[in-house]
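Take a look at the letters that make up each chain.
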Amino acid sequence: MKRFAILLTISLLLLLIGKDQIVWGGGGATFATTNVTINFPESIGFESHVSSTDSPIVKAQFIYYLDRYGAADSTTRKHLAITPGQEVALRYTWETSDITITPWTPIVYRWRVTDAQGNVYETPPQRIEYADTRFDWLTRQNQQVIVLWHDKPQVFGDKIFDIAGKAIEKQQQLFGVQLGIPIRIIVYNNLDEFNAWHSVALDWVGGEAFPEFGITTQIVTSPFPDDYWLNAVVPHEIAHLYLYQAAYNPAAPLPVWLNEGIAQYSEFIKDDSSFLVKEAAKNRALIPLTSLADGFGQHDETRIRLAYAEALSAVTYLVNTYGESGLARLIAAYKAGKTTDEAFVEALGVDMGTFQQDWAEWLGAPRESMVTPTPWALPTFRPTPTLMTFNTKATPRPPVAPTKTTIPPATATISATPTFTPTPTPSPPANAPSIPFCGGLLWVLPLPIAAVMLRHQIRRKNLRTILSAEEDV
Ligand SMILES: [Zn+2]
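In this report, the structure presented in the accompanying data block is examined. (Residues numbered from 1 in each chain as written. Predicted model: local features only at pLDDT ≥ 70, side-chain atom pairs only at ≥ 80, totals over all residues. Heavy atoms only, no water.)

**Things to note about the overall build of the protein**
Here comes step 1: A tally of helices and strands in the protein yields 11 helices and 17 strands.
Here comes step 2: Counting every position in the protein, which comprises 473 residues, the buried fraction comes to 55%.
Here comes step 3: Across the protein, the fraction of contacts at a sequence separation of at least 24, relative to all contacts at a separation of at least 6, is 75%. (Helix = DSSP H or I, 4+ residues; strand = E, 2+ residues; numbered from the N terminus. Buried < 20%, exposed > 50% of the residue type's maximum accessible area, 1.4 Å probe, protein only. Contact = heavy atoms within 4.5 Å.)

**Quick look at the packing of aromatic side chains**
Here comes step 1: Inspection of every chain in the model, using the stated rule, returns 24 aromatic pairs.
Here comes step 2: Between Phe62 and Tyr92 the ring centres are 5.0 Å apart and the planes differ by 20°, which places this aromatic pair in the stacked class. Here Phe62 is found in strand S5 (residues 57-66), whereas its partner Tyr92 is found in strand S7 (residues 87-95), with 30 residues between them in sequence. Across the pair, exposure class does not vary: Phe62 and Tyr92 are buried alike.
Here comes step 3: Between the aromatic rings of Trp104 and Trp137, the centroid separation amounts to 5.4 Å while the plane-to-plane angle is 85°, which identifies the pairing as edge-to-face. Placement of the pair is Trp104 in the loop between S7 and strand S8 (105-115) and Trp137 in strand S11 (residues 137-141), with a sequence separation of 33 residues.
Here comes step 4: Judged by relative accessible area, which is 0%, Trp137 ranks as buried.
Here comes step 5: Taken together, the ring pairs connect Phe46, Phe62, Tyr64, Tyr92, Trp94, Tyr109 and Trp111 into an aromatic cluster.
Here comes step 6: The aromatic ring of Tyr265 is capped on one face by Lys270, whose charged end is 5.6 Å from the ring centroid. (Phe/Tyr/Trp six-rings, centres within 6.5 Å; stacked < 30°, edge-to-face > 60°. Lys NZ or Arg CZ within 6 Å of the ring centre and 35° of its normal.)

**So, the environment of Thr100**
Here comes step 1: Within the element layout of this structure, Thr100 appears in the loop between S7 and S8.
Here comes step 2: Judged by relative accessible area, which is 6%, Thr100 ranks as buried.
Here comes step 3: Spatially, the C-alpha atoms of Thr100 and Pro41 are 8.7 Å apart, while their sequence positions differ by 59 residues.
Here comes step 4: Separated by 2.7 Å, the side chain of Thr100 and the backbone nitrogen of Ser199 make a polar contact. (Polar contact = N/O pair within 3.5 Å; in protein donor to acceptor, adjacent residues only side chain to side chain.)

**Here's the deal with the side chain of Lys152**
Here comes step 1: Residue position: Lys152 is located in the loop between strand S12 (145-150) and helix H2 (154-175).
Here comes step 2: Here Lys152 sits buried without a salt bridge, and the closest side chain of opposite charge, Glu193, lies 7.6 Å off (N-O distance).
Here comes step 3: Among the polar contacts made by the side chain of Lys152, one reaches the side chain of Asn189 at a distance of 3.3 Å.
Here comes step 4: In contact with Lys152, other than residues within four places in its own chain, are Leu138, Asn189, Val220, Thr221, Ser222 and Pro223. (Lys, Arg positive; Asp, Glu negative; His and termini not counted. Salt bridge = Lys/Arg side-chain N within 4 Å of Asp/Glu carboxyl O.)

**Focus: the nonpolar core**
The nonpolar side chains of a soluble globular protein tend to be buried, and buried together.
Here comes step 1: Within the largest apolar cluster, 74 residues are counted, with the highest numbers of intra-cluster contacts made by Trp257, Leu258 and Phe355.
Here comes step 2: At 18 residues, the largest contribution of residues to this core is made by helix H7 (residues 301-335).
Here comes step 3: With 44 residues, the next largest nonpolar core counts Phe46, Trp94, Trp111 and Phe210 among its residues. (Core = buried A, V, L, I, M, F, W, Y, C linked by side-chain atoms within 4.5 Å.)

**Quick notes on the pattern of salt bridges**
Here comes step 1: By the definition in use, this model includes 12 salt bridges.
Here comes step 2: Here Arg110 and Glu122 are joined by a salt bridge, their closest N and O atoms 2.6 Å apart. With Arg110 in strand S8 and Glu122 in strand S9 (residues 120-122), this residue pair connects regions lying 12 residues apart in the sequence.
Here comes step 3: On the basis of relative accessible area, Arg110 is assigned to the buried category, the value being 9%.
Here comes step 4: Residue classification places Glu122 among the buried residues on the basis of a relative accessible area of 3%.
Here comes step 5: Among the charged side chains, a network of salt bridges with common partners joins Asp67, Arg127, Glu129 and Arg184.

The values are spatial; any link to function lies outside them.
Structure follows, in structure tokens:
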């Protein structure tokens, strides 16, 4: 067990990115150690100092981006107000209280200054993680997974760690791909703790995933995780995170039904939803899988339940027919940038249309029912969370002293070479709020936030209870 403070210090020391240092010409300026002050989720402060031996420093910038795995970085440049001179104090504070900022978001930053003669000095990029400093975290970790929890017994984290390890092992067997970045599972004890770092309050979400950071944040109110949460939710979320790393290609996004189907298939305890699919097949009311590529909709609970059930059913059929190796080939084809039809033909020997007709037939549906428009073939909606506005001041937070950390000094060298300006990418801005999904995949895929939240809600209430209650009505 390691205390949070130790983890943070180690993270800061080990994650420096010295090898990517940009060296421009000979020496002439020296940057002092950067002090990073984290006050999560309000702000993160950076302070340094630069000394020039030649002409005075007249311009300074703080440059940073969020380190998204496998995704294009969007760099933010902030011009700093300085007093020109040969000794210049550098300060930048990123205010994050009004945005949704994922705890432990990795941030890569550097300082850049220009002297009166136009020479440019820059520090090497350095990486920190925006840790949640509000609590005294306990951790359990290895190279693949990091579990963080607080104010709960050691056994709480141990159980999650063990299940997460099994889930990761299963994903490795399934896809034959190693994780590129570790998966981090952060457990909050109540909704207030969780909502405090969101720009809008979520009133019934059970958790979120942020695949580009390898992070899932979960809410567990009880002192011990129950078997269902451990064996269904944890593997489900890990599958989303793993799949992102195994399959991510911005040119070839996974259909939502496939993503959700694999996540459910990966659960150690599964909802028995097959009766929903069989009934829909019998009544010619299956939603075509091709209508579930971009999302499950957000307004019709019955449709969303059926969509999840179909996703699991279709992946189960796929594995029964083509084996887990067929599923692995399919994911590899998406990773290689194939379209859905190309990927299905390459991996399984059938196009998407044939696959879904075969699946419908396997369920007992008339083959032609999958090509006939049904009342279910509604357009899907990109959801907008329309939850209550969150007032950060309304939620009490435990008082915490800002955590001060020190980063070894960086030296910079001088050059008259003009600075290069990377072209900003069209990806979300560095300070954009992260959008939740039962994965946070919305930046990658237009996925249904509300559908997923609904799923969590359904799970909380117990799916069967809801269904039988509705049948009774
Ligand atoms: Zn999911």
